[in-house]
Amino acid sequence: MKMFLSLVKFLACIPAAFAAFGVTTSGSNMVVDSGAGLVTTINTSNGDITSILYNGVQLQDSSEFTQLSSGLGSATVTSSVANSIAVIKITTSTITHYYIVRSGTNTLYIGTYASAEPSVGELRLIARLSRATLPNGNVNSDVNGGTAIEGTDVYLVNGVTKSKFYSSIPFIRDQVHGVTGSGVAAYMIVPSVSYESSSGGPFFRDIDNQGSAQQELYWYMNSGHEQTESYRVPNFFGPYAIAFTTGAAPSASLDTSFMDSLGLQGYVASSGRGTVTGSYSGTLSGVAVTIGFKNSVAQYWVAGSGGSFTRTLMKPGTYTVTLYQGELEAGTGTVTVSAGGTSSVTLSNSLSVPSTIWSIGTVDGSPVGFLNADKIQTMHPSDSRMSSWGPVTYTIGSSSVGSFPMAQFKDVNNPTTIKWTASSSQIGARTLRIRTTEAFAGGRPQITVNSWTSSAPGNDYAIPSGTLVAGSNTIQINTISGSSGTVFLSPNFVYDSVELF
């Protein structure tokens, strides 16, 4: 009996044997087995993933499936296996979508070629996973059980606001995001090069996750969510991947070099790409520097450091190059990339840098440091966790930058008032510069300085001589617009900085 129990204990310590690597088809089910614990089932009539078994645990939701956009409707699904790589090819008249599995690897590699934008107006991969198995997503986007308070996008859940949009992260920082459960996890991996066919640049952001009846894991290749430039279609999007683990997040350094020889439609191998090196100067000390590249076919970016940068794996072509001071466009140039070659470009800050009398905020293209700027990306402005929006009175020399509002809503915190005591040498004809990052419903600033009101809104306001006085001055910044709206949907704008010179 003791020998039998010892044998049972010994056998329990041996890892479970996995089925062999390969692809099998039965009826409308195409089953892809990694041979290491990941078994994926694809519907051969439409390309939906209907089952994801990882170490015997079902991760796929049973009622909603993993699919491109909102589903392809119908598609032709084929498979091939060679050199321990299984390629599942899903085609429609405008889409060629690939799921790729390597023997012994529990990662679903993905690539998408689109010759036209899907009819839903956005290109995305959405994995609709089992909430019971993978309950832990981004807490800010878990809307399950909530009540809609703004369209069907923002919900009130247990007294706080949540939205799928609050899962978004700027592309430049969004390489790995995922959902987890007990001993299981699914992570979307998007290497930097994989954003090349997307739109919006390094600081654009889009939905990563929504917790509802399902646990939804996304990669948005493009969308109309505050679209800033034209879509780059037709094009190959990716490669990207969903990695399945026992919990730990995978590295963002996804090795996709094996895909160079797979003949994927629209895919450009590393041998067909080039490199750009360069230098930059004149940016503010202490502010992050990013260099962006774009043309109608591709976009790239890289962080600058110590006045230099190198960007690899770029498609051949001529690019507009942008020097970003923080998130603010500070300089431009052009560069031409050739396959296998290295090109260079020199950039400098061309922003006007006046000698200021005083300033509020940092000229960096963002409201970082202002009131509620630390919260606005993860909650609705009406959320009880927000600090009071005001209206705010800001006193030069004594108020903290953190008390100045990051946004000004016509129906909520209008106007913002600045109090300033000037010396005789600081008066006369001056300029007030108000930099903004974005606006809603045509909201824009107009100023009143003491008894003088600017005639038209803009960025630079020329204050006439005789307006400012030695002593106490009051500057009011008002939100004006020809459009209407109420509360936080009233016309508004977001501050970057305010300077007087």
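Residues numbered from 1 in each chain as written. Predicted model: local features only at pLDDT ≥ 70, side-chain atom pairs only at ≥ 80, totals over all residues. Heavy atoms only, no water.

(A) Focus on the pairing of strand β1 (residues 22-26). Of the pairings in the sheet, the one linking β1 to strand β2 (residues 29-33) comprises five bridges and is antiparallel in character. Among the inter-strand pairings, V23 is bridged to a residue of β2, identified as V32. Following β1, the chain reverses through two residues before pairing antiparallel with β2; G27 in that reversal takes a positive phi of roughly 60°. (Pairing = 2+ DSSP bridges. Helix = DSSP H or I, 4+ residues; strand = E, 2+ residues; numbered from the N terminus.)

(B) Representation of the environment of L328 within the structure. Relative to the helices and strands, L328 is located in strand β27 (residues 328-337). Distance in space between the C-alpha atoms of L328 and T437 is 8.6 Å, their sequence separation being 109 residues. If near-sequence neighbours (up to four positions away) are discounted, L328 is found in contact with L323, L351, V363, D364, G365 and R435. (Contact = heavy atoms within 4.5 Å.)

(C) Main features of the nonpolar core. In this structure, I42, Y99, L125, I242 and F244 are the most contacted members of the largest nonpolar core, which totals 41 residues. Every residue in contact with I42, bar those within four places of it in the chain, is listed here: S28, N29, M30, V32, G47, D48, I49, V77, I88, I90 and Y99. (Core = buried A, V, L, I, M, F, W, Y, C linked by side-chain atoms within 4.5 Å. Buried < 20%, exposed > 50% of the residue type's maximum accessible area, 1.4 Å probe, protein only.)

(D) Region of interest: the packing of aromatic side chains. With the rule as written, the count across this model stands at 21 aromatic pairs. Judged by centre distance (5.8 Å) and plane angle (80°), the rings of Y195 and W219 are edge-to-face. With Y195 in the loop between β17 (185-189) and β18 (205-206) and W219 in strand β20 (residues 215-222), this residue pair connects regions lying 24 residues apart in the sequence. Overall, Y195 belongs to the buried group, its relative accessible area being 0%. Assessed through its relative accessible area of 1%, W219 is described here as buried. Between F404 and Y495, the ring centres sit 4.9 Å apart and the planes meet at 70°, which makes this aromatic pair edge-to-face. Of this pair, F404 sits in the loop between β30 (393-395) and β31 (407-409) while Y495 sits in strand β38 (residues 492-500); the two residues are 91 residues apart in sequence, bridging distant segments of the chain. (Phe/Tyr/Trp six-rings, centres within 6.5 Å; stacked < 30°, edge-to-face > 60°.)

(E) Structural context of the environment of I172. Within the fold, I172 resides in the loop between β15 (169-170) and β16 (176-180). Once the C-alpha coordinates of I172 and W301 are considered, the two residues, 129 residues apart in sequence, prove to be 7.6 Å apart. With residues near it in sequence (within four places) discarded, I172 still touches P202, F203, T290 and W301.

(F) Focus on unusual backbone geometry. The residue after V233, namely P234, is reached through a cis peptide bond having omega 10°. Counting through the fold element by element, P234 comes out in the loop between β20 and β21 (235-245). At the junction of G238 and P239, the peptide bond is cis and its omega measures out at 0° in the coordinates. Assignment of secondary structure puts P239 in strand β21. At L313, a position not held by glycine, the phi torsion is positive, near 55°. Among the secondary structure elements, L313 is positioned in strand β25 (residues 308-314). Under the relative-accessibility criterion, L313 is labelled partly exposed at 36%. Despite not being glycine, A441 shows a phi value in the positive range, around 55°. Within the element layout of this structure, A441 appears in the loop between β33 (430-440) and β34 (444-449). For A441, a relative accessible area of 24% corresponds to the partly exposed category.

Any functional reading would require information that these geometric values do not contain.
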